[in-house]
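This is what each chain is made of:
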Amino acid sequence: MTIVDLKPGDRAIVTGWATDDPPGRLLEFGLLPGTTVELVRSAPLGDPFDIKVRGFHLSIRKSEASLVLVEKRVTS
Amino acid sequence: MTDKSVPLRRVALIGNPNVGKTTIFNQLTGMRQKVGNYPGVTVERKTGILSGTRPIKIIDLPGSYSLSPNSIDERIAYDVLTGHLDGEDPPDLVVCVVDASVLERNLYLVTQVIDLGLPVIVALNMMDAAKTTGLDIDVRLLEERLGVPVLPMVASEKKGIGKLIIEMRRSRLPALPDRHWSLLPSVDTEIQTLISKFAIEAQFVPENKRYIEVLQCLSNDVMLDFWNDKAPEFQKAVVAARERLSGMNVAYRQAEVIGRYAWISPLMNTVISRKKDPNAKTVSDKIDAVVTHRIVGPILFSLLLLLIFQAVFSWATPAMDLIESGVVGLGRLVRMQAPAGIVTDLVVDGIIAGVGNVVVFLPQILLLFFFLGLMEDTGYMARSAFIMDRIMSKVGLSGGSVVPLLSCFACAIPGIMAARTIANPKDRLITIMVAPLMSCSARLPIYTLFIAAFLPTGIVFGPITFQGLAMFSMYALGIVLAFVAAFVLKLVFKGQSSFFAMELPPYRMPRPRQIFWRMIDRSKAFVVRAGKIIFGMSVILWFLARFPGVASDPEIDAQRLAADGRFEVSVDSLISEGLSDTVAAELVSEEMAPVFRRINAAEAGHQVEHSFIGIIGHTLEPVMRPLGFDWKISAGLISAFAAREVMISALATIYSVGNGEEDSPLLRQQLKADRYPDGSPVYTPLVAVSLLVFFVIAMQCMSTLAITRRETNSWKWPAVMWLYMSGLAYLFSFIIYQGGRALGWG
Ligand SMILES: Nc1nc2c(ncn2[C@@H]2O[C@H](COP(=O)(O)OP(=O)(O)OP(=O)(O)O)[C@@H](O)[C@H]2O)c(=O)[nH]1
Ligand SMILES: [Mg+2]
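Residues numbered from 1 in each chain as written. Chains lettered and ligands numbered in written order. Predicted model: local features only at pLDDT ≥ 70, side-chain atom pairs only at ≥ 80, totals over all residues. Heavy atoms only, no water.

## Some points on the overall build of chain B
The secondary structure content of chain B amounts to 32 helices and 11 strands. Taken along its principal axes, the extent of the C-alpha atoms in chain B is 115 × 55 × 55 Å. Looking at chain B residue by residue over its 746 residues, the buried ones come to 52%. Taking all contacts inside chain B whose residues are at least 6 apart in sequence as the whole, residues at least 24 apart take part in 73%. Carbon and sulfur atoms provide 64% of the accessible area of chain B, an area that totals close to 33,000 Å². (Helix = DSSP H or I, 4+ residues; strand = E, 2+ residues; numbered from the N terminus. Buried < 20%, exposed > 50% of the residue type's maximum accessible area, 1.4 Å probe, protein only. Contact = heavy atoms within 4.5 Å. Areas by Shrake-Rupley, 256 points an atom, 1.4 Å probe, with all protein chains shown as cover.)

## What to know about the side chain of B:Asp288
On the secondary structure map, B:Asp288 appears in helix H12 (residues 283–291). A distance of 3.0 Å separates polar atoms of two side chains, one belonging to B:Asp288 and the other to B:Arg383. If near-sequence neighbours (up to four positions away) are discounted, B:Asp288 is found in contact with A:Arg41, A:Asp50, B:His293, B:Arg383 and B:Tyr507. (Polar contact = N/O pair within 3.5 Å; in protein donor to acceptor, adjacent residues only side chain to side chain.)

## Looking at empty space enclosed by the protein
Residue and element names in this part refer to chain B. All chains considered together, the criterion is met by four cavities of 30 Å³ or more. As a volume, the second largest cavity reaches approximately 170 Å³. Around the second largest cavity, the lining comprises 16 residues; the ones closest to its centre are Ile308, Phe309, Val312, Leu368 and Phe409. Elements represented by at least two residues in the lining of the second largest cavity include exactly helix H13 (296–315) and helix H16 (362–378). (1 Å grid on protein atoms, 1.4 Å probe; cavity = no way out; pocket = protein on both sides within 12 Å on 5 of 7 lines; lining within 4 Å. Points joined across faces, edges and corners; volume = space filled by probe spheres on them.)

## What to know about the pairing of strand S5 (residues 120–125) of chain B
All names here are of chain B. Most of S5 sits out of view: six of its six residues are buried. Burial along S5 is two-sided: the residues Val120, Val122 and Leu124 and Ile121, Ala123 and Asn125 are all buried. In this fold, strand S4 (residues 93–99) hands off to helix H3 (residues 103–115), which returns the chain to S5; that crossover is right-handed. With three bridges connecting them, S5 and strand S7 (residues 150–152) associate as parallel partners. Bridging from a neighbouring strand, valine 122 pairs with valine 150 of S7. (Right-handed = clockwise from strand over helix to strand, strands pointing away. Pairing = 2+ DSSP bridges.)

## Side note on the environment of B:Trp315
Residues and elements named next belong to chain B. Mapped onto the fold, tryptophan 315 is located in helix H13. According to the relative accessible area criterion, tryptophan 315 is partly exposed, its value standing at 48%. Expressed as a C-alpha distance, the spacing of tryptophan 315 and leucine 367, which sit 52 residues apart in the sequence, is 8.9 Å. Apart from residues lying up to four places away in sequence, tryptophan 315 is in contact with Leu307, Gln310 and Leu367.

## Focus: the packing of H3(B) against helix H11 (residues 252–271) of chain B
Each packed pair of helices is defined by two parameters, the angle between the axes and the distance between the axes. Residue and element names in this part refer to chain B. For the pair H3 and H11, interaxial distance at closest approach is 10 Å and the crossing angle is 120 degrees. Here H11 runs oblique to H3, going by the angle between their axes. H11 is crossed by H3, and the crossing has right-handed handedness. Facing H3, whose interface residues are Leu103, Glu104, Arg105, Leu107, Tyr108, Thr111, Gln112 and Asp115, H11 presents Glu256, Val257, Arg260, Tyr261, Trp263, Ile264, Ser265, Leu267 and Met268. Tallied by class, residues from the contact of H3 with H11 come to nine nonpolar, three polar and five charged. (Axes fitted to C-alpha atoms, helices over the stretch in contact; angles between N-to-C directions. Parallel < 35°, antiparallel > 145°, perpendicular 65-115°, else oblique. Left-handed = near helix turned anticlockwise from the far one by under 90°. Nonpolar A, V, L, I, M, F, W, Y, C, P; charged D, E, K, R; others polar.)

## Observations regarding the environment of B:Val608
You can see B:Val608 is positioned in helix H25 (residues 581–609). Measuring from C-alpha to C-alpha, the distance between B:Val608 and B:Tyr655 comes to 8.2 Å, with 47 residues separating the pair along the chain.

## Here's the deal with the interface of chain B and chain A
With 42 residues of chain B at the interface, the matching set in chain A holds 31 residues. Here chain B packs against chain A, burying approximately 3,300 Å² in sum over the two surfaces, 53% of which is carbon and sulfur. Here B:Arg253 and A:Asp21 are joined by a salt bridge, their closest N and O atoms 3.9 Å apart. Linking chain B to chain A there are 11 residue pairs in polar contact (both at pLDDT 80 or more). Broken down by secondary-structure element, the contributors of at least two residues to the side of chain B that touches chain A are H3, H11, H12, helix H17 (380–394) and strand S11 (501–504) of chain B. For the side of chain B that touches chain A, the class distribution of residues is 19 nonpolar, 12 polar and 11 charged. (Buried area = accessible area lost by both parts, 1.4 Å probe. Salt bridge = Lys/Arg side-chain N within 4 Å of Asp/Glu carboxyl O.)

## Observations concerning a nonpolar patch on the surface
Residues and elements named next belong to chain B. A cluster of nonpolar side chains, namely Val290, Ile295, Val296, Ile299, Leu300, Leu303 and Leu306, defines an oily patch on the protein surface of about 620 Å² accessible area. Looking at the nonpolar patch, the element that brings in the most residues is H13, giving five residues. With respect to the helices, strands and loops of the structure, leucine 300 is situated in helix H13. (Patch = residues over 30% accessible without salt bridge, like charges linked within 9 Å, V, L, I, M, F, W, Y side chains within 5 Å.)

## Looking at the sheet that holds S11(B)
Spatially, S5(A)-S1(A)-S2(A)-S3(A)-S4(A)-S11(B) is the arrangement adopted by the six strands of the open sheet, whose pairing is antiparallel. Looking at strand neighbours, the two that pair on one side only are strand S5 (68–72) of chain A together with S11 of chain B, the edges of this open sheet. Each strand axis lies, on average, 40 degrees off the axis of its neighbour in the sheet, ignoring direction. Bridging between strand S3 (residues 49–53) of chain A and strand S4 (residues 56–60) of chain A involves five bridges; their strand directions are antiparallel. Bridging across to S4(A), A:Val53 finds its partner in A:Phe56. Docked against the sheet, H12(B) engages strand S2 (36–42), S3 and S4 of chain A, running at close to 35 degrees with respect to S2(A).

Quick look at the structure:
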């Protein structure tokens, strides 16, 4: 699954990329395998997403979010 | 005096966007550069001096998330630090400003800067924010692990600045630590081989900088292109290495990021202890739940836009009226005091009226910058981009275009400059190209004059008047055309798909002082810039309308002679009826005043028609006729090329009415009364609409073209801009005028 498949409030762990050439900017923001991401909400028209990674909020488009493979963690 | 033998120490401030670099810069230098809670406020590098016995030159850089340049402003930061910029050495010391509340992401850039081989100090800013987030940072340990000095501070409260100054002044700069992190072994082997190749062709790059330069080239095409000619063998080797790595399925482009974060993440766990649940909702999160809410969010955004428009267009009116009457009064005063003559004419009609036309916008500009400042300072600006991105991306723009385009309602120049924050070059270029279609405040006086003079009054429904609707339509037309143009440009520039990754900064309390000074500084810049052009143009226009003088029109001379004769006769007949000389003369001149005024105006008109500006207008008239424009309008349009608001002063000059405020009843009456030789009116409502639409669309601003040339670094884009906008304007006005006449509205 990718970030797009998460529901608002869900937390998940990045497992990899659905592309060979992930956007450099997203990598630099620390969206790397092993990182926890939270889908906070989507914008009023459903795109872009507000995600929380490494303690800050990031707005990314759906098209970019769909490149980030994630695995849902069972929330404790 | 500074000691010439010791060169000035140069210190660069670098860091992620929105971490407080400019706040620190302003405190070090006593300057007042723009600060804002929005990533990408600083788009150019700025320099200032930290004074003292040994002054230090401080360089404020645009924010960057990394040294691999992704956008133009990041490129500047990289070039300054590496000395890639022509004729400039790298700085002696780098102060890396870090936001303590998002330390992890910030350290990515810190490790990159350390690898550059320059002395580094880390300014750990926003300690207050870190504390409220519940982060406790072990500064000592962080310093030890990084191997460079770390200074905690709260720049907005001036805490820690003194310590930073002491560190910057030390004669012995901090030593360089070793590289902390490591690459995947397979990539590292390739890099080592590449470095030896690089060393042969690029000897001038110091040894301790080769590693990062080569690493950048491996993962970043822009960086590699830089060496295409300078180190061709190396360039080929890099391409070969990339192929080898791809063959082995090694994600070499990600290698650097993964390597650095693999060192940073564990470090975070040792230096930071959390006092609060990191997932707990902060105040900022709670505000966002409302402000970016599915339904409430867009409503709030629309209300805010409405409020801004309301403020700019109606709250500003009293102040504008005041300035206007002040300008008129000043003109009268000068006329009364100064001897009549050519110089007084120039001062009053040219300079005071011309410059007055610009100063009149000041209340609007101030209000606009107040609201933009408020949006930036609180952090709402980023949310507006978040809310609008979907709509904007449909037409080839991005959420990041919202702020630049909004600024264009004041003036296209700050708007086009603000487009630098758009990381994607395609989105940025499209934003720049459509920006001047937004109706800037310079168009407002023209809209006001022609709508008030030629469009019907009356109510459409409710509180909405016909003229108000017309004004709104002008703005709407500009916006719609900007979207259409963006959509077309999007189809033209295929290729690189657009991306949009933007940080949403936490909400902060706006700081009134900051907003106040920004309003003042911005307005000053606007007035000075516009004032210079208007001043120059007013003088030129005045001369163009005055010279070359021609002999007076014999027909008008004959009329004047006849009028003089009638005057004498009437006075004589009154005297013969027993009135005194003076009373008789007074009575008759009062009665005949309109006649003389008409003759004088006709003579002035004759002079203007044969002046340079008249000649220009007549030459252009055949081209502009199909749009419904006569020679006077054509001449006005030519002068309005320098700046739109010049149109008013140009018409005023041409109609010789002295001063040209937009609701000068005189100018309005003159326009209404103007007739073609066959007796038909020059201005019909149809002509007015045609002219208004022309002003919405046409590219009539030298400054905008100049800034576009600077921002795109080519003459091609300003040329394209001028051609497409002027072409479109001609087309629209043509269709409106000819279509209107075909329908019998002429
Ligand atoms: N809470 C807090 N806010 C701060 C501090 N320092 C600066 N700010 C605020 O942070 C925001 C960003 O400050 P700037 O100085 O514009 O940041 P910058 O790094 O120059 O930003 P860019 O030019 O966009 O890269 C402003 O709203 C400042 O008032 C601080 O120590 N604590
Ligand atoms: Mg700044």
